[in-house]
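So the chains spell out like this:
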Amino acid sequence: MEQDHFFHLLQELTVDCKDDQTAFVVQDRILILKKLLESSVYRLVYSGELAYVYMRSGTDLTKPYVLISSHIDCVYTDLCATSMPTTYHGTFDNSLTNACLIDLMLRDALPDGVVVAFTGAEEQGNYDGASEVVQFVQANNDLCRLALVLDVTNEGYASYASFTLENDQGIDLFSAHRLVERLKHVRDRFVLVHDGLPDETWFYYPQFNLPTLSLCIPVDGDMHEDSGVTVRKSSIRDYQAALQTVVDCFLAY
C-alpha cells in the first residue's frame, strides 16, 4: 500500500517542466507540486523566474539551516511512469527525487531548519535557478550548513546501491567523518563518488562557497532519453532515510 501511494505521487510529478534559461515556459509539474504542498506544513516563501523555495512555518534563517535543492526542469519529449513488481520505470530525471522529497514534506518527516528549493535551468547547466535560491538566502549564507543537491545517477546501480554521495565540496573533515559514521550501518547500500557528473553542487560551492554534496538515487538506463530509466523500489525508502540522516547530521552541530 505504501508503494502504491508513492507511485501515485511519482506519476503525478512525472509531467513536463521546461525553461528557456530565463523563465519556466512549461509549468505542468510546478502546478502539481504547488497543489500538493498546499496541505503541508511548508509554505511558499519565494516564487521566482526559475526557482520556488519552501520553508516550514517558523523556520528562522538567522539560525543554522540546510538547503535541499531538487531541480524540476527536464529534457524529455514524452514522459511516462510505470510500476513493475520490484521496480519503477519512467522518465525520472528529476521527478524521482522531487517525489522522494515531497513525500517527506507531506509527512512532515524532515526536521526544523530546512529550506527546500525546486529549481530550473539545471539541465542546461547554467544553474540560474540555484542562483535565485542563493540570492534569496544571501544575507544568511554563512549559516547554511550544507547545500544538499538531489538527483538521479547511473552510479551504483550495478552494485545494488540504494543511494550515492557525490560531488562533495567544501565540507570539513570533521563533518565528513561524522556523516560517514552516521551511515556506517548502511555502508553496503551506498557508494561515494567524489567527482560525479555536473550538477548544482558545481554552482553552490565554487560560486558561493556553500558546503555541498549530491545525494543521488541510482537508476539504470539513459537518464535523458524518452525510453526512461529503471529504479529499484527498495531504493526509495533507503534514499529517503539517507536524506533524513544527512540533514540531521548537518543540523546537529
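This one's a predicted model, so the numbers in the text were calculated from it and none came from an experiment.

A count of helices and strands for the protein chain gives seven helices and 13 strands. Taken over C-alpha atoms, the radius of gyration comes to 17 Å for the protein chain, in line with the 18 Å a tight globule of 253 residues would show. Its C-alpha atoms put the protein chain at 45 × 40 × 35 Å along the principal axes. Long-range contacts, defined here as pairs at least 24 residues apart, represent 79% of the contacts in the protein chain between residues at least 6 apart. Just so you have it, the protein chain exposes about 10,800 Å², and 50% of that area is on carbon and sulfur atoms. With 17 positive and 37 negative side-chain charges, the protein chain shows a spacing of 11 Å between the two charge centroids.

Let us look at the packing of aromatic side chains. Two descriptors summarise a pair of aromatic rings, namely the distance from one centre to the other and the angle between the planes of the rings. Within this structure, the stated rule accounts for eight aromatic pairs. Ring geometry for Tyr46 and Phe136: centres 5.5 Å apart, planes at 40°, overall tilted. Here Tyr46 is found in strand β3 (residues 42–47), whereas its partner Phe136 is found in helix α4 (residues 128–137), with 90 residues between them in sequence. Each residue in the set Phe6, Phe7 and Tyr88 is aromatic and connected to the rest through ring pairs, giving one cluster. The ring of Tyr157 is capped by Arg232, whose NZ or CZ atom sits 3.8 Å from the centre of that ring. One cation-aromatic arrangement involves Arg232 over Tyr160; the distance from NZ or CZ to the ring centre is 3.9 Å.

With that settled, the discussion passes to the packing of helix α5 (residues 173–182) against helix α7 (residues 233–251). Geometrically, a packed helix pair is captured by the angle between its two axes and the distance between the axes. At a minimum axis separation of 10 Å, α5 and α7 run at an interaxial angle of 140°. It follows that α5 is oblique to α7 by the angle criterion. Helix-helix and strand crossings are classified by hand; for α5 and α7 the assignment is right-handed. Along its contact with α5, which presents Ser175, Arg178, Leu179 and Arg182, the element α7 presents Thr245, Val246, Asp248, Cys249 and Phe250. Residues that form the contact of α5 with α7 fall into these classes: four nonpolar, two polar and three charged.

Note the cis peptide between Asp93 and Asn94, where omega equals 20°. A positive phi angle is found at Asn167, which is not glycine, with a value near 55°. By secondary structure assignment, the location of Asn167 is in strand β10 (residues 163–169). Overall, the relative accessible area of 2% leaves Asn167 in the buried class. A positive phi is found at Asn209, a non-glycine position, where the angle reads about 60°. Looking at the secondary structure, you find Asn209 in the loop between α6 (201–208) and β12 (212–218). Residue classification places Asn209 among the exposed positions, given a relative accessible area of 54%.

Relative to the elements of secondary structure, Asp16 occurs in the loop between α1 (2–13) and β1 (18–19). Separated by 2.6 Å, the side chains of Asp16 and Lys18 make a polar contact.

On to the environment of Arg189. Inspection of the secondary structure puts Arg189 in the loop between α5 and β11 (190–193). Residue classification places Arg189 among the partly exposed residues on the basis of a relative accessible area of 35%. Measuring from C-alpha to C-alpha, the distance between Arg189 and Glu132 comes to 34 Å, with 57 residues separating the pair along the chain. If we skip the residues at most four places from it in the chain, Arg189 touches Ala161, Ser162, Phe163 and Asp238.

Of all six residues in strand β8 (residues 114–119), six are buried; the element is thus mostly enclosed. As paired elements, strand β5 (residues 65–71) and β8 share six bridges and run parallel to each other. Considered in β8, the bridge of Ser69 is made with Ala117.

Attention now goes to α6. Of all the residues in α6, the buried ones are Thr201, Phe203 and Tyr204. Looking at the buried residues of α6, the elements they touch are β5, β8, α4, β9 (144–153), β10 and β12. Downstream of α6 by a residue or two, Asn209 has a phi angle that is positive, lying close to 60°.

What counts, and at which threshold
Residues numbered from 1 in each chain as written. Predicted model: local features only at pLDDT ≥ 70, side-chain atom pairs only at ≥ 80, totals over all residues. Heavy atoms only, no water. Helix = DSSP H or I, 4+ residues; strand = E, 2+ residues; numbered from the N terminus. Rg over C-alpha atoms; globule rule 2.2 N^0.38 Å. Contact = heavy atoms within 4.5 Å. Areas by Shrake-Rupley, 256 points an atom, 1.4 Å probe, with all protein chains shown as cover. Lys, Arg positive; Asp, Glu negative; His and termini not counted. Charge placed at Lys NZ, Arg CZ, Asp CG, Glu CD. Phe/Tyr/Trp six-rings, centres within 6.5 Å; stacked < 30°, edge-to-face > 60°. Lys NZ or Arg CZ within 6 Å of the ring centre and 35° of its normal. Axes fitted to C-alpha atoms, helices over the stretch in contact; angles between N-to-C directions. Parallel < 35°, antiparallel > 145°, perpendicular 65-115°, else oblique. Left-handed = near helix turned anticlockwise from the far one by under 90°. Nonpolar A, V, L, I, M, F, W, Y, C, P; charged D, E, K, R; others polar. Buried < 20%, exposed > 50% of the residue type's maximum accessible area, 1.4 Å probe, protein only. Polar contact = N/O pair within 3.5 Å; in protein donor to acceptor, adjacent residues only side chain to side chain. Pairing = 2+ DSSP bridges.

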